[in-house]
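# Observations on chain architecture
Residue strings, one per chain:
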Amino acid sequence: MTPGGGGPMKDCEYSQISTHSSSPMESPHKKKKIAARRKWEVFPGRNKFFCNGRIMMARQTGVFYLTLVLILVTSGLFFAFDCPYLAVKITPAIPVVGGILFFFVMGTLLRTSFSDPGVLPRATPDEAADLERQIDIANGTSSGGYRPPPRTREVIINGQTVKLKYCFTCKIFRPPRASHCSLCDNCVERFDHHCPWVGNCVGKRNYRFFYMFILSLSFLTVFIFAFVITHVILRSQQTGFLNALKDSPASVLEAVVCFFSVWSIVGLSGFHTYLISSNQTTNEDIKGSWSNKRGKENYNPYSYGNIITNCCAALCGPISPSLIDRRGFIQPDTPQPAAPTNGITMYGATQSQSNMAAATPLLQSEPSLTSEELPLPGKTTLGTPCATLSLGQPTPPSSMPNLTSETVLTDMIPLKEEHDGHQFLTPEEAPSPPGMLSTGSPITHSHTLHVLSLASQDSLHEDSVRGLVKLSSV
Amino acid sequence: MATEKPCLLIEFVVSLEGHNLQELRRSASLATKVFVQRDYSDGTICQFQTKFPPELDSRIERQLFEETVKTLNNFYAEAEKIGGSSYLEGCLACATAYFIFLCMETHYEKVLKKISRYIQEQNEKIFAPRGLLLTDPVERGMRVIEISIYEDRCSSGSASSGSSSSSGSSSGGGGGAGGR
């Protein structure tokens, strides 16, 4: 079927392809193993996966275990020590209601922590190249030695001008309301905040679970607190206060934990109820994106106008499925580096972003553009460590405009921990959420390493890869 | 060369009747890809731009393409519709502490399956005979509709060596013979 005339022409093309893709040592080696691997194993973000990709969490899960321990221990003590007395003295409905609340809290907590918050998969090399081309045409800049200016696109939504920022890590223009979480190194749709207490980002897909979690936890905390107090009071009516405390020491512990938790959890629930009713994210609220202070014409274009619809949309709207397909198998591509005979085929369905195999044939088929195309991505990636630190990120807030409850602040992790100055301070200790993670150099370092792995996966020119290796060793 | 193009296109159609689009990929070489981006003018709902990409000018009729994109947009609107049935699903899920999602498929997932069937069908009937291939947006994170443009191998000697984009005049001849 192939005419003889096409043969030598094809050989020329393929020999060019082979030099580029042989440069990253990992990809041919990986290809042999790739056939059996699932996509979560090569996921580029900083996430942890369990149960063969079914469970997805952030990298730092220590605080999540603390949350779990606090809830389990407090509830366990309540059921073990207070409920027997109360069930007999007052009504057996108390442990039943407590049990239902506890079940609900655990279910929603695990759902929030284990599900995909709405991570946007990174752009395939072709998409990234296409976007780069469009941006360069728009900017009118050639591939100079400097990093091009920040890239934004403007779109008018419901009468408001919204700026879409370009994410240098994910190589996409972020959809409206999406944001890049620097802790998880992912762009997340409708990004609310990164919650260390649930060990995950809170975004479009798990916001309702998060809200139901804090709401039910508020009820559970108030419930336990109220009935522990009741228990102690009832006992002290019989045996005196100090004896009552001696008889059920667990009640003291529970009361202390609940007392400190109530303020923060109830405050947080109230705050999120406000956010839901105005259809804003924590991120937007902190930045004051839609506040009147920015201008009289500034309003929230996503709000449906009335509170009921906003609430229903946030809590009962459809849940979009996960876009990252963690448990899918990586499609093996044709071994394009060393197989000139096979050709640039089997291209279509690959999703493996660790595979630059897909892009090089495309780029190579445009020989006139080769010299321009490849160094460009290299330069972009070289710029990425700086870019992720300084570009395309929300400006740190200097004030807390809408928050009345000070304890509410402590739950939110800002997106850029590198700026220590604006971090929320922790008023108290363990029971109320401190919400701080140590930041700074570990993350910047891992940014660089992460960029490195991206670069090798992108299978850039050999020199670019060597350059990045030198960069990481600094 | 010109005489070989019709025979290749017939091979395209023949291979598709074996419902194997892989054969299309094997028998043709990929020339370029076009990306149809998301249209955010109505907010965050999933919609794609219906603007006709210039690279497809010689390959497919404008109206066919726009109709495909509009149908896809309608499917996505149906998936994301907030109304009685979605409220019911949401409340039921909430009442069961979301454990029901372990056994039940959401409305959105059902519509996504419909969409992938539709795209498969469109590929077989409309796009592949013209040497194009649509990729389901869900495989690209719902960011783009990726349209792969394939060149015939016979014409690749003349087309791919010189032309960068497939809408160049050299490939226009190949596309023209096939598309009309």
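Because the structure is a prediction, the values reported are computed rather than measured. (Residues numbered from 1 in each chain as written. Chains lettered and ligands numbered in written order. Predicted model: local features only at pLDDT ≥ 70, side-chain atom pairs only at ≥ 80, totals over all residues. Heavy atoms only, no water.)

## Details of the overall build of chain B
Across its full length, chain B carries seven helices and three strands. Sequence-distant contacts, at least 24 apart, represent 63% of the contacts inside chain B between residues at least 6 apart. (Helix = DSSP H or I, 4+ residues; strand = E, 2+ residues; numbered from the N terminus. Contact = heavy atoms within 4.5 Å.)

## Here we look at the nonpolar core
Among the nonpolar cores identified, the biggest contains 47 residues, and F78, F210 and F213 of chain A are the most heavily contacted of them. Counting residues per element, the ones that place at least two in this core are β2 (55-58), α3 (62-89), α4 (93-114), α6 (207-239), α8 (249-277) and α10 (307-316) of chain A together with α4 (84-95) of chain B. The element contributing the most residues to this core is α6 of chain A, with 12 residues. Listed in part, the 36 residues of the second largest apolar core include A123 and C167 of chain A together with A79 and I115 of chain B. (Core = buried A, V, L, I, M, F, W, Y, C linked by side-chain atoms within 4.5 Å. Buried < 20%, exposed > 50% of the residue type's maximum accessible area, 1.4 Å probe, protein only.)

## Considerations on the sheet that holds strand β4 (residues 152-157) of chain A
All names here are of chain A. Judged by pairing direction, the sheet is antiparallel, and its three strands sit side by side in the order β4-β5-β6 without closing on themselves. Of all strands in the sheet, those bounded by a partner on one side alone are β4 and β6 (172-173). With two bridges connecting them, strand β5 (residues 160-167) and β6 associate as antiparallel partners. The residue of β6 that forms the bridge with C167 is I172. (Pairing = 2+ DSSP bridges.)

## Some words on the environment of E154 of chain A
Residue and element names in this part refer to chain A. Its location among the elements puts E154 in strand β4. Owing to a relative accessible area of 53%, E154 belongs among the exposed residues under this scheme. A C-alpha to C-alpha distance of 8.7 Å links E154 and K165, two positions 11 residues apart in sequence. Those residues in contact with E154, other than ones at most four positions away along the chain, are T161, V162 and K163.

## Focus: the UniProt feature "transmembrane region" (unreviewed entry) in chain A
Residue and element names in this part refer to chain A. Under the local residue numbering, the UniProt record ascribes the feature "transmembrane region" (unreviewed entry) to residues 63-81, 93-110, 209-233 and 253-277. The distance separating the terminal C-alpha atoms of residues 93-110 is 26 Å; by composition the span is 100% helix and 0% strand. In this annotation, residues 253-277 is assigned 100% helix and 0% strand; the end-to-end C-alpha distance for the span is 36 Å. (UniProt positions renumbered as here; feature names shortened; annotations may be inferred.)

## Some thoughts on the confidence of the model for chain A
All names here are of chain A. For chain A, the mean per-residue pLDDT works out to 71, and 60% of the residues sit at or above 70. Of all helices and strands in chain A, the one with the weakest mean pLDDT is helix α13 (residues 375-390) (38), whereas strand β10 (residues 200-202) scores best (94). Contacts for the low-pLDDT stretch residues 1-32, under 50 throughout, to residues beyond four places or in other chains number 45 contacts. (pLDDT = per-residue confidence, 0-100.)

## Details of the layout of surface pockets
Approximately 1100 Å³ is the volume attributed to the largest pocket. The wall of the largest pocket is formed by 34 residues, among which R205, P321, S322 and R326 of chain A together with E109 of chain B lie closest to the centre. Looking at the lining of the largest pocket, the elements with two or more residues in it are α4 of chain A together with α5 (107-127) of chain B. Per-element accounting of the lining of the largest pocket gives the leading share, four residues, to α4 of chain A. Residues that form the lining of the largest pocket fall into these classes: 15 nonpolar, eight polar and 11 charged. (1 Å grid on protein atoms, 1.4 Å probe; cavity = no way out; pocket = protein on both sides within 12 Å on 5 of 7 lines; lining within 4 Å. Points joined across faces, edges and corners; volume = space filled by probe spheres on them. Nonpolar A, V, L, I, M, F, W, Y, C, P; charged D, E, K, R; others polar.)

## Brief notes about the packing of aromatic side chains
Residues and elements named next belong to chain A. The full count for this structure, using the stated rule, is 17 aromatic pairs over all chains. Ring geometry for Y166 versus F168: centroids 5.3 Å apart, planes at 90°, classification edge-to-face. Note on Y166: relative accessible area 2%, which makes it buried. Looking at F168, the relative accessible area reads 5%, which means it is buried. Chaining the aromatic ring pairs together yields one cluster made of F78, F79, F102, F223 and F227. A cation over a ring is seen here: R153 above F173, with NZ or CZ 4.2 Å from the ring centre. For the cation-ring pair, R190 lies above Y207, with the distance from its terminal atom to the ring centre recorded as 5.2 Å. (Phe/Tyr/Trp six-rings, centres within 6.5 Å; stacked < 30°, edge-to-face > 60°. Lys NZ or Arg CZ within 6 Å of the ring centre and 35° of its normal.)

## What about the environment of S116 of chain B?
Within the secondary structure, S116 of chain B is located in helix α5. Take S116 of chain B: its relative accessible area is 33%, and that puts it in the partly exposed class.

## What about a nonpolar patch on the surface?
Residue and element names in this part refer to chain A. Judged by side-chain polarity, V252, V256, F259, F260 and W263 come together as a nonpolar surface patch covering roughly 460 Å² of accessible area. Mapped onto the elements, V252 comes out in helix α8. According to the relative accessible area criterion, V252 is partly exposed, its value standing at 38%. (Patch = residues over 30% accessible without salt bridge, like charges linked within 9 Å, V, L, I, M, F, W, Y side chains within 5 Å. Areas by Shrake-Rupley, 256 points an atom, 1.4 Å probe, with all protein chains shown as cover. Salt bridge = Lys/Arg side-chain N within 4 Å of Asp/Glu carboxyl O.)

## Comments concerning the pairing of β4 of chain A
All names here are of chain A. Of the strand pairs in this sheet, β4 and β5 are connected by six bridges, and their pairing is antiparallel. In the sheet register, R153 faces β5, and the bridge partner there is L164. Remark: two residues form the turn of the hairpin made by β4 and β5, two consecutive strands paired antiparallel; N158 in that turn has positive phi of roughly 55°.

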